[in-house]
Amino acid sequence: MSHPGAPKPAEDAPVDVRERGATRDGVEQVMDRRLFMQLLAFEGDAQTLAAAMRRHGVASVVYEDVNHPGGVGLLTWSEDPTHFVKSVRPAVKDAGVHPRPELSMLGRTYSTGYESDLEFWLLRRPVETALHEGWDWAVWYPLRRLGAFNRLEGREQGSILREHGQIGRAYGAADLAHDIRLACHGMDTNDNEFVVGLIGPTLHPLSHVVQAMRRTRQTAEFMEKMGPFFVGYAVARTPGR
């Protein structure tokens, strides 16, 4: 029984899992679509893996692992997460490669509420970035922030994230590093929260942007863990069918 004068409990608000972008022409952008992207790592031959993706019509990028002479990486994507089970898995089995599960990463695109073209940022930009000819180097890694970050008030969180974002935009504007940002809450073996892909024409700027981010408040004060890092060079791209 509640005490006299106690505040009336608020009715449960309906759960809304839609993505939201900036207002366009006076209308809020709302969309219940997002892209899932998965990076898998293997020991095996890159061209054999790429050929299997082509046979099965799986859109993908195949990387050779710079830090493992016999290692390869496979990036695939779909709006439907069953794609990774029903399409990617058979293609991988056909390639005869051996998995390295410690480097597996799975995430989904998400909105921040400021996207001027929500559909482009959620669905098209990540694929265009991954498939871009000449942006052959990639650094992929998961991360988890300290719980203290989630207890900050929204305005302070926003200020911290803007500092981080300004650095990323500067590298992108100079065509040095382009990012793919994915949320992986509840989908990561090690309880990471995000997956980041840094893509560009040369490797040094990708390392440099990670170094520059270390000075931000988010990384210096609120980052619990980053990595493991997968560093790859794209040797095959399959747009799919």
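Check the entry above for the structure.
These numbers come from a predicted model, not from an experiment.

(A) Geometry of the packing of aromatic side chains. Under the definition given, this model contains six aromatic pairs. With a centroid separation of 4.6 Å and 25 degrees between ring planes, the pair formed by Tyr-141 and Phe-229 is classed as stacked. Of this pair, Tyr-141 sits in strand 8 (residues 137-145) while Phe-229 sits in the loop between strand 11 (223-226) and strand 12 (230-238); the two residues are 88 residues apart in sequence, bridging distant segments of the chain. You can call Tyr-141 buried: its relative accessible area is 7%. The partly exposed category is assigned to Phe-229, whose relative accessible area is 31%.

(B) Structural detail: the pattern of salt bridges. If you walk through the whole model with that rule in mind, you get 19 salt bridges. Here Arg-237 makes a salt bridge to Glu-133, at a shortest N to O gap of 3.4 Å. Taken as a pair, Arg-237 in strand 12 and Glu-133 in the loop between helix 3 (118-131) and strand 8 lie far apart in primary sequence, 104 residues in all. Judged by relative accessible area, Glu-133 falls into the exposed class, the value being 59%. Of the charged contacts in the structure, one is a salt bridge between Arg-144 and Glu-224, with a shortest N-O distance of 3.1 Å. Placement of Arg-144 in strand 8 and of Glu-224 in strand 11 is noted, with a sequence separation of 80 residues between them. One network of salt bridges, with partners in common, ties together Asp-16, Arg-18, Arg-20 and Glu-28.

(C) A look at the nonpolar core. Ranked by size, the top nonpolar core spans 28 residues in total, and within it Val-61, Tyr-63, Leu-75, Trp-77, Trp-140 and Phe-230 carry the most contacts. Looking at this core, the elements with two or more residues in it are strand 3 (36-43), strand 4 (60-65), strand 5 (71-78), helix 3, strand 8, strand 9 (178-183), strand 10 (194-200) and strand 12. Sequence-distant contacts of Trp-77, defined by excluding residues within four places in its chain, comprise Leu-35, Phe-36, Met-37, Ala-59, Ser-60, Val-61, His-83, Phe-84, Val-127, Ala-130 and Leu-131. Within the second largest apolar cluster, 19 residues are counted, among which are Leu-40, Ala-52, Val-72 and Val-97.

(D) Region of interest: the environment of Phe-120. Along the chain, the position of Phe-120 falls in helix 3. On the accessibility criterion, Phe-120 (22% relative accessible area) is partly exposed. What Phe-120 contacts, discounting residues up to four positions off in sequence, is Arg-125, Pro-126 and Glu-128.

(E) Here's a closer look at unusual backbone geometry. Cis geometry marks the peptide bond from Gly-227 to Pro-228; its omega dihedral reads 10 degrees. Looking at where Pro-228 falls in the secondary structure, it is placed in the loop between strand 11 and strand 12. Of note, Asp-25 is a non-glycine position whose phi angle comes to about 55 degrees, a positive value. At Asp-175, a residue that is not glycine, the phi angle is positive and equals roughly 55 degrees. Turning to its location among the elements, Asp-175 is positioned in the loop between helix 5 (154-173) and strand 9.

Rules used in this analysis
Residues numbered from 1 in each chain as written. Predicted model: local features only at pLDDT ≥ 70, side-chain atom pairs only at ≥ 80, totals over all residues. Heavy atoms only, no water. Phe/Tyr/Trp six-rings, centres within 6.5 Å; stacked < 30°, edge-to-face > 60°. Helix = DSSP H or I, 4+ residues; strand = E, 2+ residues; numbered from the N terminus. Buried < 20%, exposed > 50% of the residue type's maximum accessible area, 1.4 Å probe, protein only. Salt bridge = Lys/Arg side-chain N within 4 Å of Asp/Glu carboxyl O. Core = buried A, V, L, I, M, F, W, Y, C linked by side-chain atoms within 4.5 Å. Contact = heavy atoms within 4.5 Å.

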